[in-house]
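Below are the chains, spelled out letter by letter.
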Amino acid sequence: MALNQDVRMPKLVNICSRCVPHVSCHRTRMVYLRKFLSRKHFMKICKALLLSTLVVSLIVNISFVMDTDGVFGSLQLPRGSESKDKNVQQSLHSYHGNPTPSLVRTVKVEVVSSKQLVAVKVDDTSIHTSDGLDIDRGIHIVVLNQVNMNVMAVRVFDTYQKQEDENMINFLADVTPGRILIFAIKDEGTFNLQEKSRSFLADMGSEFAPILHWRDMWAFVCIHKGKRLGEAFKESEDLSVWAEPAYLSVNVTLTTAIDAKCPWPATAENERRRVFCNKYEGYGSICRCDRPDPIHFNVTPLANGGILDVPVTVIASNRPAYLYRMLRRLLVTPGVPVNKISVFIDGYHDEPLAVTRLLNVRGVQHAPLSQKNARISQHYKFSLTETFNTFPDAQHIIILEEDLDVSPDFFLYFQQTMPLLVKDPTLYCVSAWNDQGYEHSCQDERLLYRIETMPGLGWMLKRSLFMDELLPQWPSADKLWDWDMWMRNNGIRKSRECIIPDVSRTYHFGAKGLNVNPHFQESYFSKHKLQSKPDVKLKDVDKITSENYEVLVRDLIKSAKVLDHSKNPCDEHFIPDYNDETFVLYIKMKTPQDYETWKQLARCYKLWDLDVRGFHK
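- In the annotation of an unreviewed UniProt entry, the entry for the chain reads Alpha-1,3-mannosyl-glycoprotein 2-beta-N-acetylglucosaminyltransferase, and the organism field reads Dreissena polymorpha.
- UniProt, in its Function (unreviewed entry) section for the chain, records the words "Initiates complex N-linked carbohydrate formation. Essential for the conversion of high-mannose to hybrid and complex N-glycans."
- Per UniProt, the chain carries the Sequence similarities (unreviewed entry) text "Belongs to the glycosyltransferase 13 family."

1. Observations regarding the state of the cysteines
Thinking step 1. In this structure the tally under the stated criterion is three disulfides.
Thinking step 2. Between Cys-277 and Cys-287 runs a disulfide, and the two sulfur atoms are separated by 1.9 Å. Of note, the bridge from Cys-277 to Cys-287 carries an S-S torsion of about -85° and is left-handed in sense. Of the two residues, Cys-277 sits in helix H7 (residues 268-277) while Cys-287 sits in the loop between H7 and strand S10 (312-316), which places them ten residues apart along the sequence.
Thinking step 3. The buried category is assigned to Cys-287, whose relative accessible area is 7%.

2. A look at the pattern of salt bridges
Thinking step 1. Evaluation of the coordinates by the stated rule reveals 32 salt bridges.
Thinking step 2. The closest approach of N and O atoms between Arg-496 and Glu-469, which form a salt bridge, is 2.8 Å. Within this pair, whereas Arg-496 is found in the loop between helix H14 (490-493) and strand S18 (497-501), its partner Glu-469 is found in helix H12 (residues 463-470), the two being separated by 27 residues in sequence.
Thinking step 3. Residue Glu-469 is classed as partly exposed on the basis of its relative accessible area, which comes to 21%.

3. Details of the confidence of the model for the chain
Thinking step 1. For the chain, per-residue confidence averages 85 on the pLDDT scale, and 82% of positions sit at 70 or higher.
Thinking step 2. Below pLDDT 50 for its whole length, residues 1-37 participates in 21 contacts with residues either more than four positions away or in separate chains.
Thinking step 3. A low-confidence stretch, residues 62-102 (pLDDT under 50), is modelled with 64 contacts involving residues beyond four sequence positions or located in other chains.

Thresholds, definitions, all that
Residues numbered from 1 in each chain as written. Predicted model: local features only at pLDDT ≥ 70, side-chain atom pairs only at ≥ 80, totals over all residues. Heavy atoms only, no water. UniProt positions renumbered as here; feature names shortened; annotations may be inferred. Disulfide = S-S within 2.5 Å. Helix = DSSP H or I, 4+ residues; strand = E, 2+ residues; numbered from the N terminus. Buried < 20%, exposed > 50% of the residue type's maximum accessible area, 1.4 Å probe, protein only. Salt bridge = Lys/Arg side-chain N within 4 Å of Asp/Glu carboxyl O. pLDDT = per-residue confidence, 0-100. Contact = heavy atoms within 4.5 Å.

Following this line, the structure appears as structure tokens:
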């Protein structure tokens, strides 16, 4: 019977028989194995192993806590500096201690630079991607927090265009030292990458920036004002082809020590600063630990006292750096009505809203409607309607855009011209912008004009005009029209005119937008003149009413010296260089809308020549 029972497990029989071919051995070992495999004994062994594991884990954790407590305690964080986030996601501004080896963490950063793709991953998680031809050409820069690798800024500089490399360098100068910087070229990024910019990148640790050429691919990772972490470069074999993609993979050791807060006094202002600077980058001295720029502004009264008590509507999108620049200048302008500034953001974008909170002005977001120019038109409609509804007693508002600088006398200018808009029914608006006001074509900051076109770019609007006329017939969302072109249409304008200055009170600095690019900005906006004096008293304001202006213009023509029409009007010396003399030039027009001759002259004189603007009759 025993032998028959043993036959049930032939594998065990074979194993024993290979050791010692004896029946008694086989039986003894079978009994032992059966006891060993019994459930009771197996559970005892598992419990013993589990208990041992728990004891070891407890010992390791106690040791780790004691080590960590020693590190954190040595920082002596000021009172109230505890992080609200358990992961302590704060940016580093002033701590320069050495991280404790037990807390060091390393992450992998991967970068792709190619003709149609730029991609950045951190530990296999995509943090930035631009895929497709004819979009986002140039040098991409991603700024990461060195503590938690959060994305703090993404910028694309089209260094194929002029001056974009300067904009890139200015941005990098505003980034806090210690941040992780990632660079990658998409398509082409070297055509206007000047020697100064190449040297700047070389000083940051780049080996290949000085030798980058047409359609080369390049990826570079470094610690800002620290060390080079890695670089990849692929050279184009011929001018007609793009280089092969450049792939870069580097390991980045994070700074794991908690940052001691900047020694800013505990104020509401500095709490706004701290929240903003821990999340966003590229704002320069506003986030500096040592003597940061103020974010609270004392209102300077106008020359004749007080402020201009008119609501200001700021039209914004997702260009936070532009908005920041614009608001900082606006808030230090004499006469600014700080409590009546409203920034309207087209879409739910976090960073522009954070800029308004940083500077303590009202920010309003709304869902975008329609697309392209129709979307902008609907954004204007919403913003203007909301402003008049928010300030029901306001009879006028001033409209600005996020990419405009204002002059020191911006509000003084409107204070002096607003009475004209009140009493003259032939006026459509007052604008701070002169389409023809280039550095070489204007000089008298006291001079005003009446014109038949609506310039925009910083202008005053009457409540009655908007609510009674414009709003009821505002283009619907399905009309892909430019709102300003619609307002210039004489069917809407009804032959009314706008007042403008000879020297503009606003300056258009935005080089990126739906209807503008760096080349267009350079060609048509960059050389505009901005009035720079603080208290300018306008002259002959009473002569700008309709009837008086006709007399003024006719008198100017009568007294003007007729130019020599036998000469080429595009000749450099056709118009004499006399500052205090008026000249007249006659041109041929076959019909009232025949502007061909004028547009040719505008090109000669380097004025606005895309269409006809800034004229009176």
